[in-house]
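Chain and residue survey
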Amino acid sequence: MSRATQRGLLGAVLLLGSWEALARGLALPAYTLPAISDIILATWQHRSLLASAGWYTLAEALLGYAIGCTAGITLATLLILLPPARRVVMPAMLAINAVPVAAWSPLVLLWLGIGMASKVAMVALAVGFTIFLSALAGFDRQDRRAADLLRSFGAGPIALLFRLRLPAALPLIAAGMRVATVRSLIVAIVTEMLGAQGGLGWIIYQAVVQIDFVQVWSAILVASVLSLSFFGLITWLEQRIIFWR
Amino acid sequence: MSSALAETAAAMPASAPPLLEMSGIGKRFGAVQAVQNLALSVQPGEFVTLVGPSGCGKSTLFNMVAGLDEPDPGGILRFKGRGCHARELLGRVSFMPQRDLLLPWRNVIDNAILAQEIEGANRREARARALAMLPEFGLAGFEKQYPHQLSGGMRQRVALMRTFLFERELLLLDEPFGALDALTRSMMQRWLLELWQHHRRTILFITHDVDEAIFLGDRVLVMTARPGSVKLSLPVNLPRPRDPALLTSPEFTALKREVLDAIEEEAMKSFMASA
Ligand SMILES: Nc1ncnc2c1ncn2[C@@H]1O[C@H](COP(=O)(O)OP(=O)(O)OP(=O)(O)O)[C@@H](O)[C@H]1O
Ligand SMILES: [Mg+2]
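Residues numbered from 1 in each chain as written. Chains lettered and ligands numbered in written order. Predicted model: local features only at pLDDT ≥ 70, side-chain atom pairs only at ≥ 80, totals over all residues. Heavy atoms only, no water.

1. A look at the interface of chain A and chain B
- In this assembly, 17 residues from chain A lie in contact with 21 residues from chain B.
- Across the contact surface, chain A and chain B share 2 salt bridges.
- Joining chain A to chain B, the criterion identifies 2 residue pairs in polar contact (both at pLDDT 80 or more).
- When residues of the side of chain A that touches chain B are traced back to their parent elements, those giving at least two are α7 (144–152) and α8 (157–194) of chain A.
- If you tally residues by element for the side of chain A that touches chain B, the top one is α7(A), at 7 residues.
- Residues of the side of chain A that touches chain B, tallied by class, amount to 10 nonpolar, 2 polar and 5 charged. (Contact = heavy atoms within 4.5 Å. Salt bridge = Lys/Arg side-chain N within 4 Å of Asp/Glu carboxyl O. Polar contact = N/O pair within 3.5 Å; in protein donor to acceptor, adjacent residues only side chain to side chain. Helix = DSSP H or I, 4+ residues; strand = E, 2+ residues; numbered from the N terminus. Nonpolar A, V, L, I, M, F, W, Y, C, P; charged D, E, K, R; others polar.)

What follows is the structure in structure tokens.
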């Protein structure tokens, strides 16, 4: 086990330990802070409900994430191939992006209903912008001398794109994709809280209404496990694929 | 300058038309006149070396011959006996820029075949051919390594291999050994000469090292300070294959004196201009 992992584990144990001690020692009421052991126990007791809610949210987040990544990279690529279009599209894109994502959700719920589609759309929107902007920044970072070299070999715009610009942009695209993992789950859950037929956000909303704070914490626990695993997976893939940095 | 050019022309067999001919070539970048009234000609199979003070426009000249930059209107550029625009030379000249510019996400083999891939060659066949050439470039067994795993000398050899595999008559090498230590450098020089004798290509070679210029070249071109043009074209009538012992011979020293005098004059000029 590496030192970093050891330290991380130690930190987690210390945090959870003091949480438990604080909640039990001060006998805090559940609406302030339930003991971590109670949360874990409750999570286990409601495991099938939480698991299906977790899957529901994860499915929305993953689908939205995939759509957002594809759309973001495709749009950035098109704008790179058509520089005049970039000057037209960019101001509109930045204006849309300046509005906090959450502000769109009532509209999206109105348009797409409270099923999965609205969550997927919201996640795709949030992820898409992150990836679009990081891909564009990555494309702009290309080395002119390397481009000249490829042109001297007779490369046209398409060959330049696939053999130079896209790979050169990958590190920044991947960094954007890493940040977007956590964002995708947050956006899915927040949108579910505004109206849904299932998912962790819906569970949280229901639990608050029923004043079941341990249940709220259980859902939060499941959400953090999901988002950490997603983040870890993408980070792992990133290190595998972008080995040259 | 004109007498030097006449001398060169006399040294060449009259029958072969020059591979590359430039005259009256100029290039201005904003307020900077990088190259002015430049004239040179290169015969097929010739190894021409190019020296000159830093910033005199050597790389600019290469960018024009590689087709990346268009010279200012008014100059004459002829390739294989035919007048042409610089951009028509894109894809027709094998160019190795000043930095190795290996792509960090490609291993040695895939960097070496980059030009062929762009030409649309079958990737598997190109790889197989490159693999067979690795020993000649001192890279045997390194095909799967990535640029960040290689020494500076090896990176240069990969870049050279990429340049050689782009099979064009004219090779432009911009300070290919600039970043190497003296020992590696002299090994690479002899190796390049062998390669050139074996593959019979025409080479234009930029260097800051006068010894290197004379040791390698059939002819040394000395450039003036900016705005750059050809100040001196000095034939090197030393026997081939060349041996490192040549570097201390009186003939070599005499040539070196001549080149150094010309460079010194230009270096003084550019120094005075900047002071
Ligand atoms: N794209 C460009 N835009 C503006 N100025 C340029 C450009 N390319 C070259 N120059 C200028 O032209 C002059 C000649 O540059 P060049 O790179 O050809 O010199 P060089 O002889 O290759 O120098 P070195 O030996 O240091 O490599 C320099 O003053 C440089 O600043
Ligand atoms: Mg240069």
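2. Concerning the site of ligand 1
Residue and element names in this part refer to chain B.
- Neighbouring ligand 1 are 14 residues, the closest being Ser54, Lys58, Ser59, Thr60 and Arg226.
- Measuring from an oxygen atom of ligand 1, one finds a side-chain N or O atom of threonine 60 at 2.5 Å.
- Relative to its unbound accessible area of 630 Å², ligand 1 is 65% covered by the protein chains.
- Sorting the residues of the shell around ligand 1 by element identifies β2 (32–42) and α2 (58–65) as the ones contributing at least two each.
- For the shell around ligand 1, the element with the highest residue contribution is α2, accounting for 3 residues.
- Across the shell around ligand 1, the residue classes break down as 4 nonpolar, 7 polar and 3 charged. (Near = heavy atom within 4 Å. Areas by Shrake-Rupley, 256 points an atom, 1.4 Å probe, with all protein chains shown as cover.)

3. Considering unusual backbone geometry
Residue and element names in this part refer to chain B.
- In this structure, the amide linkage connecting arginine 226 to the following residue, proline 227, adopts the cis form with an omega of -5°.
- The step from arginine 240 to proline 241 runs through a cis peptide bond, and the omega angle for that step is -5°.
- On the secondary structure map, proline 241 appears in the loop between β10 (230–235) and α9 (250–274).
- A positive phi angle, near 45°, is found at glutamate 175, a position not held by glycine.

4. Comments concerning the environment of Ala180(A)
All names here are of chain A.
- Locating alanine 180 in the fold gives a position in helix α8.
- Residues alanine 180 and phenylalanine 230, 50 residues apart in the sequence, show an inter-C-alpha distance of 10.0 Å.
- Among all residues touching alanine 180, those that are not within four sequence positions of it are Tyr65, Val127 and Ile131.

5. Quick look at the domain arrangement of chain B
Residue and element names in this part refer to chain B.
- Partitioning chain B into domains gives domain 1 (3–93 + 169–274) and domain 2 (101–167).
- Each of domain 1 and domain 2 has a C-alpha centre, and these two points are 26 Å apart.
- Together, Trp191, Leu195 and Arg201 form the three largest contributors to the area buried by domain 1 at its contact with domain 2, with a combined 35%.
- At the junction of domain 1 with domain 2, the criterion picks out 0 salt bridges.
- At the junction of domain 1 and domain 2, the tally comes to 6 residue pairs in polar contact (both at pLDDT 80 or more).
- For the side of domain 1 that touches domain 2, the elements supplying multiple residues, two or more each, are β7 (170–174) and α7 (182–199).
- With 6 residues, the single largest contributor to the side of domain 1 that touches domain 2 is α7. (Domains from an automatic or database assignment. Buried area = accessible area lost by both parts, 1.4 Å probe.)

6. As for the sheet that holds β7(B)
Residue and element names in this part refer to chain B.
- Taken in spatial order, the 6 strands make up an open sheet running β6-β7-β8-β3-β9-β10, and their pairing is mixed. Single-partner strands in this sheet number two, and they are β6 (94–96) and β10. Averaged over all neighbouring strand pairs, the angle between strand axes comes to 15°, with direction disregarded.
- With 4 bridges joining them, strand β3 (residues 47–51) and strand β9 (residues 219–223) adopt parallel strand pairing. Considered in β9, the bridge of valine 48 is made with arginine 219. (Pairing = 2+ DSSP bridges. Axes fitted to C-alpha atoms, helices over the stretch in contact; angles between N-to-C directions.)

7. Side note on helix α5 (residues 101–112) of chain A
All names here are of chain A.
- Between its terminal C-alpha atoms α5 stretches 16 Å, which fits the 16 Å expected from 12 residues at 1.5 Å a residue.
- Regarding α5, the residues found buried are Val101, Ser105, Val108 and Leu109. Buried positions in α5, seen along its axis, are confined to an arc of 105° and lie on one side of it. For α5, the exposed residues set more than 90 degrees away from the buried face come down to Pro106, Leu110 and Trp111.
- Buried positions along α5 lie against α6 (116–140) and α8.
- Phi turns positive one or two residues past the end of α5, at glycine 113, with a value near 85°. (Expected span 1.5 Å × (residues − 1). Buried < 20%, exposed > 50% of the residue type's maximum accessible area, 1.4 Å probe, protein only. Arc of directions from axis to C-beta.)

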